[in-house]
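Architecture and fold: a report
Here is what each chain is made of, one letter per residue.
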Amino acid sequence: MVPFLVGLVVLVAASLQRLTGIGFGLVAGPGLVLLLGPGQGVLLSNLAAGAISAYGLATAWRRVRLTAMLPLVGAAMLTVPVGAWLVGRLREQVLMIGIGALVVASVSLLLAGVRLRGLRGRRGALAAGAASGIMNASAGVGGPPLTLYGVNAGWAGAEFVANAQFYGVTVNGLSVAAKGLPDMPLRSWLLITGAVAIGIAAGSRIGGVSDTRMRRLVLGLALVGGLSITLKGLYA
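Because the structure is predicted, anything quoted here is derived from the model rather than measured.

Quick word on the overall build of the protein
- Each helix and strand counted, the protein has ten helices and zero strands in total.
- Helices (α) and strands (β) of the protein occur, in sequence order from the N terminus, as α-α-α-α-α-α-α-α-α-α.
- What you see for the protein is a C-alpha radius of gyration of 16 Å, in line with the 18 Å of a compact globule of 236 residues.
- Each principal axis of the C-alpha atoms in the protein carries an extent, and together these give about 45 × 40 × 30 Å.
- Counting all 236 residues of the protein, 49% fall into the buried class.
- Nonlocal contacts in the protein, meaning residues at least 24 apart in sequence, comprise 84% of its contacts between residues at least 6 apart.
- Charge separation in the protein, taken as the distance between the mean sites of 18 positive and 4 negative side-chain charges, equals 8 Å.

Have a look at this one:
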């Protein structure tokens, strides 16, 4: 049942990310951590999120603002190794509680529509990138700091999606490079690859749902997952 559930989580999260441009780590991360544990779950989330972002970037690269993204990516490059180090040093119970708390706190800020003056300009980009790098490598949820920065920077919808895809490719690639590939048998690799492909195709075909509703769905699922991870860590 576990491989089937892993594939289902990846498929649903890939569909939602294809629809909204964000949210794979928020939706898939908690589920994969519950099924595979913090180490392998976060690593698989990084790998799949990077692949989906690469697909989205192929059609949106003209809208990427490289001058705005360089400080974000540069700061993340410095902190991704810190997140990877934490994964290798902390006990599984501590990691699960920490990942769950990060997800819940991040989703709560996004749902509340929080705007932070500190997340503006070059300093804001550096702060958001540094926080995102640690969160992405350690918990698979590097999107919220980027989203908060994009909101405060006034990025439009299409512009945000393009920049998020570029950021997803680079930072998830750095996270995988720092930790290595997931330790899975060939059949699991085939299952995950198929789930990503089907999820992207399904998300591309689904229409008629407003961005606001889809984002609320993504954040609602992420909140449930974050609470579940926290409770499991506390119970353990």
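Things to note about the nonpolar core
- Ranked by size, the top nonpolar core spans 21 residues in total, and within it Met69, Leu72, Leu146, Trp155 and Tyr167 carry the most contacts.
- Elements represented by at least two residues in this core include exactly α3 (38-60), α4 (66-89), α6 (121-139), α7 (143-153) and α8 (157-179).
- For leucine 146, the residues in contact, after removing those within four places along its chain, are Met69, Leu72, Trp155, Phe160, Ala164 and Tyr167.
- Membership of the second largest hydrophobic core comes to 19 residues, among which are Val10, Leu16, Val27 and Met184.

Quick look at the environment of alanine 202
- The topology assignment puts alanine 202 in helix α9 (residues 186-205).
- On the basis of relative accessible area, alanine 202 is assigned to the partly exposed category, the value being 25%.
- It is 8.5 Å that separates the C-alpha atoms of alanine 202 and arginine 18, two residues lying 184 residues apart in sequence.

Some points on the UniProt feature "transmembrane region" (unreviewed entry) in the protein
- UniProt's feature table lists "transmembrane region" (unreviewed entry) at residues 42-61, 68-88, 94-112, 124-142, 186-204 and 216-235, given in the numbering used throughout.
- For residues 68-88, the helix share is 100%, the strand share is 0%, and the end-to-end C-alpha distance is 32 Å.

Rules of the game
Residues numbered from 1 in each chain as written. Predicted model: local features only at pLDDT ≥ 70, side-chain atom pairs only at ≥ 80, totals over all residues. Heavy atoms only, no water. Helix = DSSP H or I, 4+ residues; strand = E, 2+ residues; numbered from the N terminus. Rg over C-alpha atoms; globule rule 2.2 N^0.38 Å. Buried < 20%, exposed > 50% of the residue type's maximum accessible area, 1.4 Å probe, protein only. Contact = heavy atoms within 4.5 Å. Lys, Arg positive; Asp, Glu negative; His and termini not counted. Charge placed at Lys NZ, Arg CZ, Asp CG, Glu CD. Core = buried A, V, L, I, M, F, W, Y, C linked by side-chain atoms within 4.5 Å. UniProt positions renumbered as here; feature names shortened; annotations may be inferred.

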